[in-house]
Amino acid sequence: MESAAILNGMRWTDTEGREIHAHGGGFLYDNEYIYWFGENRTGRRRVSCCRSKNLKEWEFRRDVLTLDSSVKPVYYRTNLELEPVAADGTVSSQGAVIERPKVLYNEKTGKYVMWMHWENGRDYHDARCAVATCDTVDGDYVYHGSFNPIGYMSRDCTLFCDDDGTAYFLSAARDNADLHMYRLSEDYMSIEEQVKTLWPGQYREAPAVMKRNGMYYLLTSACTGWLPNQGAYAYSESLTGRWSPLLPLGDGTTFDTQPTFVLPIYGKDETIYLYIGDRWDPSDYHQSSYVFLPLVFSGKTEMSLSWADAIDYDPALGAVRTQTRENLGIRLKNCAADRFLAVRVDEKNGVSGVHVQDLSYTSQDQRWDTEDVRDGLFRLRHTATGLYLAAAGGLEEHGQVSLATFNDSRDSAYLWRKVELEQGLCRLRNHLTETCLTLTADDGESLHLSADGGEWNPRKGRDPQAFLISKIFGN
Ligand code: GAL
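## Topic: the overall build of the protein chain
- Helix and strand content of the protein chain: zero helices and 35 strands.
- In terms of overall size, the protein chain behaves like a compact globule, its C-alpha atoms giving a radius of gyration of 24 Å where 475 residues would be expected to give roughly 23 Å.
- Seen through its C-alpha atoms, the protein chain measures out along the principal axes to roughly 75 × 60 × 45 Å.
- Out of the 475 residues in the protein chain, the part that is buried amounts to 54%.
- Pairs at least 24 apart in sequence give 51% of the contacts found in the protein chain among residues at least 6 apart.
- By element, 46% of the accessible surface of the protein chain is carried by carbon and sulfur atoms, the whole surface being about 20,500 Å².

Dropping the structure here:
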């Protein structure tokens, strides 16, 4: 892996050895460099900027927008607060939340214009966009305030500039239910008109737009907070015309990422489009990392995304090579809890059972291996402890599930079978007891075995036996 440049899902450092905090990033070419702008929530929130020629060595430039940036109102009504004061007079020490900053260069005004998502630092109810500008790509941006575009809520967002220089701002409106597309004014400073509502009522987030051979593509995620979900894309010959239905992109968790940008790499022979995703860590935002993967196109409209542990970008050729390691195991998400099957380790007594816990990419507790045995039956081995998931005791105790060292004579208690459900989900049925792994309703975090729920009635809420099994990619 030495020669490979970019290790996906790992923590990346800049040329000074400091960790790169530039989440929800936006990228811009300027004078031979690729500039990366992103959220930095370490301490007082800000937008950080670094640059690179090879996508591996990132030189930190500066925090281009901070809570102390100079402010200048523009001709439309904006709120200039960067350290919003709550009704009771308190001010959050970290200031406003700034998310998903994106920057475009405006040829007419010679200004770099940043659009972003703004919240007050206490809750997510204001749902505004905000604008800042600068005369240089990585100088001190002047903050022009936040507002609700044409009065709408505006959360996850992106910018896209078409070949004719017309720029568009896209953002999630109506409490994320609809995705709006707005055409910007010539100076990119304000909204001119709403030109499209995409997938109304479908709760799409994390938009990223690209254009290839005259076709527009829009990448987006579903709306599940910091938890990854199945990404999707759509295409259209006209930005404001009819878009295709949403088509799946990547695996059921988009390889544990959420889109933030598509960066074109202009090679000698072809242009490669790099998917840029955030791997948010819901247990600790500061452990979040990044994933860069080349998008693959077939035919005029089909796009696909495969995992690669590492990508190597050669700027001289404009070529991107990928490398992938062997199987790194799986995670199992219980879909009723939206939490992950993990061992419970008691400091005094050691391993004492299984439960579900919040997704954490750094935790070893949530990693499992499968060992195929026969006829679709497999064992589930907890990677770090080497213990197996098994039905406890004999049939009479079939409600209990345990973690144990493998015991030949109770072989079938260690065997599991997947019972396929809709949308890539499954139940895990034990071969000895014929009962399924189930989230215990009382505490919502321990697990037991109970009769297969059969066709689940969604009126009862989410199926406590439904699991999403996803491979571990990177880190
Ligand atoms: C995600 C969104 C992120 C951030 C997060 C906060 O769904 O894409 O940008 O807003 O929610 O929970």
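Now that the structure is up, let's keep going.
## As for the nonpolar core
- One finds Trp36, Leu55, Phe292 and Leu295 to be the most contacted residues of the largest nonpolar core, which totals 42 residues.
- Within the residue set of this core, elements represented by two or more residues are strand S3 (33-40), strand S14 (205-212), strand S15 (215-221), strand S18 (258-266), strand S19 (271-279), strand S20 (289-298), strand S21 (302-305) and strand S22 (310-314).
- Dropping the residues within four chain positions of it, leucine 295 is found in contact with Met210, Leu219, Leu249, Val262, Tyr273, Tyr275, Met303, Ser304 and Leu305.
- The next biggest cluster of nonpolar side chains, apart from the first, holds 27 residues, and it includes Leu380, Leu389, Ala404 and Leu439.

## Focus: the pattern of salt bridges
- A full pass over the atoms with the stated rule returns 36 salt bridges.
- For aspartate 162, the salt bridge is made with lysine 211, and the minimal N-O distance between the two is 2.9 Å. Here aspartate 162 is found in the loop between strand S10 (157-161) and strand S11 (167-173), whereas its partner lysine 211 is found in strand S14, with 49 residues between them in sequence.
- With relative accessibility at 12%, the residue aspartate 162 sits in the buried group.

## With respect to the site of the ligand
- The immediate surroundings of the ligand are formed by Glu99, Arg100, Tyr124, Asp156, Glu205, Gly225, Trp226 and Gln258.
- Residue arginine 100 places a side-chain N or O atom 2.9 Å away from an oxygen atom belonging to the ligand.
- Within the side chain of glutamine 258, a nitrogen or oxygen atom sits 3.0 Å from an oxygen atom of the ligand.
- Within the complex, 89% of the 310 Å² of free accessible area of the ligand lies under protein.
- Classifying every residue of the shell around the ligand gives two nonpolar, two polar and four charged.

## A word on the packing of aromatic side chains
- As enumerated under the stated definition, the model contains 30 aromatic pairs in all.
- On the basis of an interplanar angle of 25° and a centroid distance of 5.2 Å, the ring pair of phenylalanine 27 and tryptophan 36 is categorised as stacked.
- Ring geometry for phenylalanine 37 against tyrosine 141: centres 6.3 Å apart, planes inclined by 75°, an arrangement best described as edge-to-face. One end of the pair, phenylalanine 37, is in strand S3; the other, tyrosine 141, is in the loop between strand S8 (128-134) and strand S9 (142-147), with 104 residues separating them in the sequence. Each member of the pair, phenylalanine 37 as well as tyrosine 141, is classed as buried.
- By way of ring pairs, the aromatic residues Trp12, Phe27, Trp36, Trp58, Phe261, Tyr290 and Phe292 are connected into one cluster.
- Arginine 51 extends its terminal NZ or CZ atom over the ring of tyrosine 33, reaching a point 3.7 Å from the ring centre.

## Overview of the environment of leucine 159
- Tracing the backbone through its elements, the reader meets leucine 159 in strand S10.
- Assessed through its relative accessible area of 7%, leucine 159 is described here as buried.
- In this structure, the C-alpha to C-alpha distance between leucine 159 and proline 464, residues 305 residues apart in sequence, is 40 Å.
- Discounting chain neighbours no more than four positions away, the residues touching leucine 159 are Lys102, Val103, Leu104, Val113, Trp115, Tyr168, Phe169 and Leu184.

## Description of the domain arrangement of the protein chain
- The assigned domain composition of the protein chain is domain 1 (4-323) and domain 2 (330-471).
- Computed from C-alpha atoms alone, the centre-to-centre distance between domain 1 and domain 2 is 37 Å.
- The partner domain 2 presents 11 residues to the 10 residues of domain 1 that form the contact.
- For the pairing of domain 1 and domain 2, the buried interface totals around 850 Å² over both sides, and the portion due to carbon and sulfur atoms is 57%.
- Taken together, the links from domain 1 to domain 2 amount to one salt bridge.
- Residues aspartate 256 and arginine 331 are paired through a salt bridge, measuring 3.3 Å at the closest nitrogen-oxygen approach.
- For the side of domain 1 that touches domain 2, the residue count by class is four nonpolar, three polar and three charged.

## Some details on the pairing of strand S26 (residues 350-357)
- Bridge count between strand S25 (residues 339-346) and S26: seven bridges; the pairing is antiparallel. Within the sheet, the bridge partner assigned to valine 343 lies in S26 and is valine 354.
- In this antiparallel pair of consecutive strands, S25 and S26, the connection spans three residues.

## Considerations on the side chain of threonine 158
- Assignment of secondary structure puts threonine 158 in strand S10.
- Accessibility expressed as a relative area gives 1% for threonine 158, which makes it buried.

Each value, and the rule that gives it
- Residues numbered from 1 in each chain as written.
- Predicted model: local features only at pLDDT ≥ 70, side-chain atom pairs only at ≥ 80, totals over all residues.
- Heavy atoms only, no water.
- Helix = DSSP H or I, 4+ residues; strand = E, 2+ residues; numbered from the N terminus.
- Rg over C-alpha atoms; globule rule 2.2 N^0.38 Å.
- Buried < 20%, exposed > 50% of the residue type's maximum accessible area, 1.4 Å probe, protein only.
- Contact = heavy atoms within 4.5 Å.
- Areas by Shrake-Rupley, 256 points an atom, 1.4 Å probe, with all protein chains shown as cover.
- Core = buried A, V, L, I, M, F, W, Y, C linked by side-chain atoms within 4.5 Å.
- Salt bridge = Lys/Arg side-chain N within 4 Å of Asp/Glu carboxyl O.
- Near = heavy atom within 4 Å.
- Polar contact = N/O pair within 3.5 Å; in protein donor to acceptor, adjacent residues only side chain to side chain.
- Nonpolar A, V, L, I, M, F, W, Y, C, P; charged D, E, K, R; others polar.
- Phe/Tyr/Trp six-rings, centres within 6.5 Å; stacked < 30°, edge-to-face > 60°.
- Lys NZ or Arg CZ within 6 Å of the ring centre and 35° of its normal.
- Domains from an automatic or database assignment.
- Buried area = accessible area lost by both parts, 1.4 Å probe.
- Pairing = 2+ DSSP bridges.

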